[in-house]
Amino acid sequence: MKPCHVIAVDLGAESGRVMDVRFDGETLAQTEIRRFDNTPVCAQNTLYWDILRLWHEIQTGIAQVPGGASSVGVDTWGVDFGLLDQGGNLLGNPVHYRDTRTDGLMQWVFERVPRSTIFARTGIQFMQLNTLYQMASLVKNHSPLLDLAQTYLSIPDLLTYWLSGEIGCEFTHATTTQMFNPQTGDWDRETMAALGFPTTIFPAMIPPGSQRGSYKGLKVIAPTTHDTASAVVAVPTTTENFAYLSSGTWSLLGLEVSQPIINEAAAAANVTNEGGFANTFRFLKNVQGLWMIQQCRATWAAEGTNYSYDQLTIEAGEAEPFRSLIDPDAAEFLAPGDMPSRIRAFCRQTDQPEPETVGQMTRAIFESLALKYRVTLDKLVELANKSVDRLHIIGGGGRNKLLCQMTADATGREVLVGPYEATALGNAIVQLIALGEIESLAQARAILSRTQQIVHFKPQPTTAWDEALSRFIHL
């Protein structure tokens, strides 16, 4: 067959990339065309995404792709959005999910719609950064934007609109908002109305793989526009007994299921049911991932020392095991800032020795993440009543061999790592399926399983991990 290539635009919370993905009927090959930082901007104590610079980088990257591409598709992180006026113009800069505007908003929402009702309607994990609470902040603060807004668009929907001129909200991203009802397959307009949201601004839902007009001769296709949904498409598995860990700024650990799991036990565990490709759901938990080490690096750099990730991993490998443990999901670790000081404070408050060296700090983060993965995976397996014999780590975090081995040891399961650019690859696969170049998700995964380089980590459990687990659970 004649080779086909598509353009995958993948925006993560730390960086963005434009990838050229080629399929020759047997293998999928990626070429990075352009990579750029995704740096938020703080103005008047509000943290914004620099959306116009991202748009400029995307346009520049697409222009650098060799000719002959068939289509382009965009995926991004979840929950954030922009509002358009009646002329289709963006109203204000999209606010970053780590901004403080959602502080205290969860309780404000629960006073109007009970927490149990929201979970029963949406099946989504409660996090103050969810779109539901961002929208609630606009209502509570009487934002004039809501009087002017004609259309709500998620970040990838906004960029797709700028590419194609077509408006719509792609399914997988909409499910991350905590404003989507999987039972009805539509926005949770009952909750929206109770909270005073203007329900008419939310566009129709579109399925992943939908064509959305064209951009300079390229078909614009909405892939699985939530980055984790795209990453899960690229899990190179031929078995159903797997779990996945999309490892990056966030760690998204979960199972692929055919129906959302929404019950009291799932609500008590604060897990989430997000939409996936091919009529699947991602039954998962969001865990603060490499965000903490990213913020530690930024703090150390500001103090005059630039550490590479490889340097930090070497330092961690030489540090004393299980000296200090933290809860990666503790509220004090959510916002940007001096992460080393916050970690030391957490250790003081929990009567543990404070990390004194860079290696001790880094090892505390890695070991705590591995233990968090163990606790989270055990709970998901229990709730789904599903057997899991292997864990696929996808995404850039898989390059950290120390953390991968710790994860295998902590969970007691074989860990298979790769592909590292799973999100862009999954984005491209959905485009290729939409174009008729690949028949199905199963065929795509079979291709990946026999052609991608996968690194295996065998578990080497010890009593030290069990003892550390007991300490970790008490935290």
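Cut-offs used in this document
- Residues numbered from 1 in each chain as written.
- Predicted model: local features only at pLDDT ≥ 70, side-chain atom pairs only at ≥ 80, totals over all residues.
- Heavy atoms only, no water.
- Axes fitted to C-alpha atoms, helices over the stretch in contact; angles between N-to-C directions.
- Helix = DSSP H or I, 4+ residues; strand = E, 2+ residues; numbered from the N terminus.
- Parallel < 35°, antiparallel > 145°, perpendicular 65-115°, else oblique.
- Contact = heavy atoms within 4.5 Å.
- Nonpolar A, V, L, I, M, F, W, Y, C, P; charged D, E, K, R; others polar.
- Pairing = 2+ DSSP bridges.
- Salt bridge = Lys/Arg side-chain N within 4 Å of Asp/Glu carboxyl O.
- Buried < 20%, exposed > 50% of the residue type's maximum accessible area, 1.4 Å probe, protein only.

## Things to note about the packing of helix H12 (residues 309-318) against helix H14 (residues 358-384)
Thought 1: Interaxial distance between H12 and H14 falls to 7 Å at its minimum, and their mutual angle equals 90 degrees. Considering the angle they form, H12 stands roughly perpendicular to H14. Residues Leu312, Thr313, Glu315, Ala316 and Gly317 of H12 touch H14, and the partners they reach there are Val358, Gly359, Thr362, Arg363 and Phe366.
Thought 2: Its residues placed into classes, the contact of H12 with H14 shows 4 nonpolar, 4 polar and 2 charged.

## Concerning the environment of Pro336
Thought 1: Tracing the backbone through its elements, the reader meets Pro336 in the loop between H12 and helix H13 (339-349).
Thought 2: Residues Pro336 and Ala69 lie 267 residues apart in sequence; the distance between their C-alpha atoms is 38 Å.
Thought 3: Ignoring sequence-local partners within four residues, the contact set of Pro336 consists of Leu47, Arg98, Trp291, Gln295 and Arg342.

## Looking at the sheet that holds strand S1 (residues 4-11)
Thought 1: In spatial order, the strands read S3-S2-S1-S6-S14-S13; together these 6 strands make up an open sheet with mixed pairing. Where the open sheet ends on each side, the last strands, each with one partner, are strand S3 (28-37) and strand S13 (210-215). Strand-to-strand, the axes of this sheet are offset by a mean angle of 25 degrees, without reference to chain direction.
Thought 2: On top of the sheet, helix H6 (residues 155-164) reaches S1, strand S6 (71-76), S13 and strand S14 (218-222); it is set at about 155 degrees to S6, its chief contact.

## What to know about the pattern of salt bridges
It is possible for side chains of opposite charge to pair when their charged atoms get near one another.
Thought 1: On inspection of all chains with the given rule, the structure shows 25 salt bridges.
Thought 2: Note that Glu32 and Arg35 form a salt bridge whose closest N and O atoms lie 2.8 Å from each other.
Thought 3: Among the residues examined, Arg35 registers a relative accessible area of 40% and is labelled partly exposed.
Thought 4: Glu274 is the salt-bridge partner of Arg282, the closest N and O atoms lying 2.8 Å from each other.
Thought 5: The buried category is assigned to Arg282, whose relative accessible area is 1%.
Thought 6: Residues joined by salt bridges that share partners form a network here, namely Asp10, Arg17, Glu32, Arg35 and Glu421.

## A word on the pairing of strand S16 (residues 250-257)
Thought 1: The buried fraction of S16 is high, at 8 of 8 residues.
Thought 2: In the sheet, strand S15 (residues 242-247) pairs with S16 via 4 bridges, with the strands oriented antiparallel. Opposite Ser247, over in S16, you have Ser251 as the bridge partner.
Thought 3: The hairpin turn running from S15 into S16, its antiparallel successor, is 2 residues long.
Thought 4: In this sheet, strand S18 (residues 281-288) lies alongside S16 in antiparallel orientation, the contact comprising 8 bridges. Within the sheet, the bridge partner assigned to Gly254 lies in S18 and is Leu284.

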